[in-house]
Amino acid sequence: MFEQAYQEIANANRIIIHRHKNPDGDAMGSQIGLLHMIRDTFSDKEVYVVGDWSKRYSFLAKSPMDEISDSLYEGALAIILDTSSTALISDERYKLAARTLRIDHHLFCTKIADVEVIDSSYESCCGLVTTLAMETGMVVSKDAATALYAGTVTDSGRFRFDSTSAGTFERVSFLMKRDIDTSTIYRNLYTESIEALKLKAHFIAKAKFTENNVGYMYTSSQELKELGITAFGASRGYVNTLSDLEGVGIWVAFAESEDGILCELRSSDCNINPIAVKYGGGGHVKASGATVADKATAMAMLADLNEMAGKR
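Rules used in this analysis
Residues numbered from 1 in each chain as written. Predicted model: local features only at pLDDT ≥ 70, side-chain atom pairs only at ≥ 80, totals over all residues. Heavy atoms only, no water. Core = buried A, V, L, I, M, F, W, Y, C linked by side-chain atoms within 4.5 Å. Buried < 20%, exposed > 50% of the residue type's maximum accessible area, 1.4 Å probe, protein only. Helix = DSSP H or I, 4+ residues; strand = E, 2+ residues; numbered from the N terminus. Axes fitted to C-alpha atoms, helices over the stretch in contact; angles between N-to-C directions. Parallel < 35°, antiparallel > 145°, perpendicular 65-115°, else oblique. Left-handed = near helix turned anticlockwise from the far one by under 90°. Contact = heavy atoms within 4.5 Å. Nonpolar A, V, L, I, M, F, W, Y, C, P; charged D, E, K, R; others polar. Pairing = 2+ DSSP bridges. Right-handed = clockwise from strand over helix to strand, strands pointing away. Phe/Tyr/Trp six-rings, centres within 6.5 Å; stacked < 30°, edge-to-face > 60°. Lys NZ or Arg CZ within 6 Å of the ring centre and 35° of its normal.

Grouped together as the largest cluster of nonpolar side chains are 47 residues, with contacts concentrated most on Ile9, Ile15, Ile17, Leu34, Met37, Ile38 and Ile79. Per-element tally for this core: the top contributor is helix H4 (residues 142-155), with seven residues. Counting residues in hydrophobic clusters, the runner-up holds 21 residues, among them Leu265, Ile272, Ile275 and Tyr279.

A few words on the packing of H4 against helix H6 (residues 182-190). The interhelical angle for the contact between H4 and H6, taken along N-to-C directions, is 50 degrees, at an axis separation of 11 Å. Taken together, the axis directions place H4 and H6 in an arrangement best described as oblique. Taken as a pair, H4 and H6 cross one another with a handedness that is right-handed. Across from Thr146, Tyr149, Ala150, Val153 and Thr154 in H4, the residues of H6 making contact are Thr182, Ile185, Tyr186, Leu189 and Tyr190. Each residue belonging to the contact of H4 with H6 can be placed in one class, and the counts come to seven nonpolar, three polar and no charged.

This part takes up the pairing of strand S1 (residues 14-19). Burial within S1 is extensive, with six of its six residues counted as buried. With four bridges joining them, S1 and strand S2 (residues 46-49) adopt parallel strand pairing. Within S2, the position partnered with Arg14 by the bridge is Glu46. You can see the chain leave S1, run along helix H2 (residues 25-41) and come back into S2, and the turn it takes is right-handed. Here S1 runs beside strand S3 (residues 77-81); their pairing, made up of five bridges, is parallel. Looking at S3, one finds that Ile15 is bridged to Leu77.

With that settled, the discussion passes to the pairing of strand S8 (residues 250-257). Counting buried residues in S8 gives six out of eight residues, a clear majority hidden from the surface. As defined by bridge partners, strand S7 (residues 215-219) adjoins S8 across five bridges and the pair is classed as parallel. Bridge assignment links Met217 to a residue of S8, and that residue is Ala253. Inspection of the sheet shows S8 paired to strand S9 (residues 260-267) by eight bridges, in the antiparallel sense. Among the inter-strand pairings, Glu256 is bridged to a residue of S9, identified as Ile261. Counting the residues in the hairpin turn of S8 and S9 gives two residues.

Attention now moves to the packing of aromatic side chains. Any pair of aromatic rings gets described here by the distance separating the centres and the angle formed by the planes. In total, this model carries seven aromatic pairs according to the counting rule given. Centroid distance Phe159 to Phe169: 5.3 Å. Interplanar angle 40 degrees. Geometry classified as tilted. Linking Phe159 in the loop between H4 and helix H5 (166-176) with Phe169 in helix H5, this pair joins segments that are 10 residues apart in sequence. Ring geometry for Phe203 versus Tyr238: centroids 4.6 Å apart, planes at 15 degrees, classification stacked. With Phe203 in helix H7 (residues 194-206) and Tyr238 in helix H9 (residues 231-238), the pair connects residues that are 35 residues apart, well separated along the chain. A relative accessible area of 0% places Phe203 in the buried class. Of the aromatic side chains, those joined through ring pairs into one cluster are Tyr149, Phe159, Phe169, Tyr186 and Tyr190. Directly above the ring of Tyr190 sits Arg158, whose terminal nitrogen or CZ lies 3.5 Å from the centroid. The ring of Tyr218 carries the charged tip of Lys295 above its face, separated from the ring centre by 4.6 Å.

The strand order across the open sheet built from five strands is S2-S1-S3-S4-S5, with neighbouring strands paired in parallel fashion. Looking at strand neighbours, the two that pair on one side only are S2 and strand S5 (115-118), the edges of this open sheet. Taken over all neighbouring pairs, the strand axes of this sheet differ in orientation by 15 degrees on average, direction set aside. Here H2 sits on the sheet in contact with S1, S2 and S3, set at roughly 165 degrees to S1. Sitting on the sheet, helix H3 (residues 125-136) is in contact with S3 and strand S4 (99-104), with an inclination near 115 degrees to S4.

Between H2 and H4, whose axes approach to 7 Å, the crossing angle comes to 160 degrees. The pairing of H2 with H4 is recorded here as roughly antiparallel in orientation. Two packed elements cross with a definite hand, and for H2 against H4 that hand is left-handed. Contacts between H2 and H4 involve Gly25, Asp26, Gly29, Ser30, Ile32, Gly33, His36 and Met37 from the former and Asp143, Ala144, Ala147, Leu148, Gly151, Thr154 and Asp155 from the latter. Per-class residue counts for the contact of H2 with H4 are five nonpolar, seven polar and three charged.

Shown next as structure tokens:
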């Protein structure tokens, strides 16, 4: 599966690795894991990681991003990870690169790169990057394995999501042979402060439900300011507070941002991806997202989700 992708990496003297904006564990893990893999396999190559950054993943080795000039893209290979849409790519300078390569596990929306490895059966992009190493013999150090394991854990929901497969555990076994410290990984990923638990309680208390039991939370910009959190934190960070409620098969979190209303859609048994795509987004069958222009559009999306829930 990775023959052509590996050849692109082997042929490039300079490589710049991108992933999606507002990175989660899988985006950061795959980016940092691949960085270490390339550096450890090809010591003569220049390799950089770019994009916005999340403090939550600062425990991963080399997590702060590089600040580089446009000139470094001349003749370079840009690798785009964990991204299904050009609008979601953090740092659009990938367009300046001589060659582009994408590795992604989201449902295919449109071609982005010269060479693409897309497989939505994988639980994570980290799983694909791990497979790249397993198939090609690229070096996977403890630092690389730690990043890839962290991303696999977060995007599989601690191995609870139904995208988790026998292949997931084969890849995890491969990574654990690098003597990674899973206790430290879990502690960094899941230890919560009292303030975070209070916020979770706040979002649970404010949840509302449609006539067909779609759970939803809408957070205004004023409320975000009062809570001291970002729109991304409210939508992506708290959408799954509604994930285990009896009788709720679809749930969504809306949050007002400068770019519009961030919408995070989740489902236990329905394909909500077409609704995300309808509103300019994308993602997975049961976990997708979009950004819409205003509250009225967000409520139209909610109406579509309610209609879908009525047909379950």
